[in-house]
Amino acid sequence: MRNHTLDARTTIVDLQFRGFDLAIGTGVLESSDGIALVDPGPTTCLGALKAGLAEAGFELSDVRAILLSHIHLDHATASGTIVREVPEARVYVHPIGAIHMIRPERLLASAGRIYGDQMETLWGEFLPVPADSVTEVDEGDTVRLGDRTLRVAYTPGHAKHHVAYFEEDTGTAWVGDDAGIRIPPGGVIPVTPPPDVDVEAWNGTMARVMEWSPDRIVPTHFGAVDDPAAHFAELREELANWAEQVRASLAGEDPANPDTGADAARAREFAAWVEEDLRARMPAEPVDTYINAFGARDSWWGLVRYWRKRA
């Protein structure tokens, strides 16, 4: 079974990214007007998504809405392929991200510098979404999905094009990467890839989500969290620890002339530090999943960019 039930009309499909359970989850919201997907994931996982929909009694043709928390490839890549198969589906995305869903060339070029020849293996094809299939959403907006209604908040920090969605009737906030990574039964792990990480903005985002007083939050990685306040408190602490570790790795560096030649080694050292820390305080299985499905090197690059921009 790949599905995790939240309530009678809400399911999370485990996309089994890179063969791992509990790495990426797509929300499936049943409404009187078909279904909505929250973060459909990579195109490489589209087969797993279709199988999960079938397990829940649906087909891809039932999709009428795709709610993107943000446009990073592990969340959004499959959107264009789904819209090609189901032209009725609309893609909801923040205005900063919308242009990259319509014309993804710059996004793919940037990602290609990180993932190189692994782009196709990890994410699959990123088809453009037709402009007339895109609806931009921002702070204070409302998304109506048949008989279900979700409110939207602008939630930067992880990415400047990040939004969260809150369904008051169920008390559920779909928060993408605003809540970091939490692979059960492990604890909270920050996720800080380049180029938009902003620690102060992220702390503000956590406060913004809590203004909704949600009964649960649902990070894309992975599943429902029934104590949002404790989760965010842990994330704040770990985010501060990671940021300080990266800042310390730059000790003695001239901000006007950064020593970028040492960066690759610093990123490796940071990843080793993260793994050692996680293994000291979490069960082995979620740490193994995190290290093999994601890893921490990208997070060093995001935080070093954050510190150098501040300098």
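Just above, that's the structure.
Rules behind the numbers
Residues numbered from 1 in each chain as written. Predicted model: local features only at pLDDT ≥ 70, side-chain atom pairs only at ≥ 80, totals over all residues. Heavy atoms only, no water. Pairing = 2+ DSSP bridges. Helix = DSSP H or I, 4+ residues; strand = E, 2+ residues; numbered from the N terminus. Axes fitted to C-alpha atoms, helices over the stretch in contact; angles between N-to-C directions. Contact = heavy atoms within 4.5 Å. Buried < 20%, exposed > 50% of the residue type's maximum accessible area, 1.4 Å probe, protein only. Right-handed = clockwise from strand over helix to strand, strands pointing away. Phe/Tyr/Trp six-rings, centres within 6.5 Å; stacked < 30°, edge-to-face > 60°. Salt bridge = Lys/Arg side-chain N within 4 Å of Asp/Glu carboxyl O.

(A) Geometry of the sheet that holds strand β10 (residues 163-167). Pairing in this open sheet of five strands is mixed, and the strands run β8-β9-β10-β11-β12 from one edge to the other. At either margin of the open sheet sits one strand with a lone partner, and together these are β8 (142-145) and β12 (216-219). Each strand axis lies, on average, 25 degrees off the axis of its neighbour in the sheet, ignoring direction. As paired strands, β10 and strand β11 (residues 172-176) are joined by three bridges and run antiparallel to one another. Residue pairing in the sheet places Glu167 in a bridge with Thr172 of β11.

(B) How the structure looks around the sheet that holds strand β2 (residues 10-14). Read from one edge of the open sheet, seven strands run β1-β2-β3-β4-β5-β6-β7, paired in mixed fashion. Two strands in the sheet have a free side with no partner beyond their single neighbour: β1 (3-7) and β7 (134-136). Direction aside, the axes of adjacent strands within the sheet are offset by 25 degrees on average. Relative to β7, strand β6 (residues 90-93) runs parallel, the two sharing three bridges. Each residue of the ladder has a partner; that of Val91, found in β7, is Val134. Contacting β1, β2, β3 (25-31) and β4 (34-38), helix α1 (residues 46-55) crosses the sheet at an angle of about 145 degrees to β2.

(C) Examining the pairing of strand β5 (residues 63-67) more closely. Most of β5 is tucked away: four of the five residues are buried. With four bridges joining them, β4 and β5 adopt parallel strand pairing. Pairing of Val38 across the sheet is with Leu67, part of β5. For the handedness criterion, the β-α-β arrangement of β4, α1 and β5 is classed as right-handed. Note: β5 against β6, three bridges, orientation parallel. Looking across to β6, one finds that Leu67 is bridged to Tyr92.

(D) Representation of the packing of aromatic side chains in the model. One pass over the full model with this rule turns up eight aromatic pairs. Considering the side-chain rings of Phe166 and Trp212, the 5.1 Å spacing of their centres and the 10 degrees angle between planes classify their relative orientation as stacked. Placement of the pair is Phe166 in strand β10 and Trp212 in the loop between α7 (199-210) and β12, with a sequence separation of 46 residues. For the residue pair Phe166 and Trp212, the accessibility class agrees, reading buried in each case.

(E) The arrangement of the pattern of salt bridges in detail. Here the structure, examined in full by the defined rule, presents 18 salt bridges. Note that Arg281 and Glu238 form a salt bridge whose closest N and O atoms lie 3.0 Å from each other. Residue Arg281 is found in helix α9 (residues 263-281), and its partner Glu238 is found in helix α8 (residues 228-249); the two are separated by 43 residues along the sequence. Owing to a relative accessible area of 9%, Glu238 belongs among the buried residues under this scheme. Asp277 serves as the salt-bridge partner of Arg281, at 2.9 Å between the closest nitrogen and oxygen. Of this pair, Arg281 and Asp277 both sit in helix α9, four residues apart, which is roughly one turn of the helix. Residue Arg281 is classed as partly exposed on the basis of its relative accessible area, which comes to 33%. By sharing partners, the salt bridges in this structure join Glu234, Glu238, Asp277 and Arg281 into a single network.

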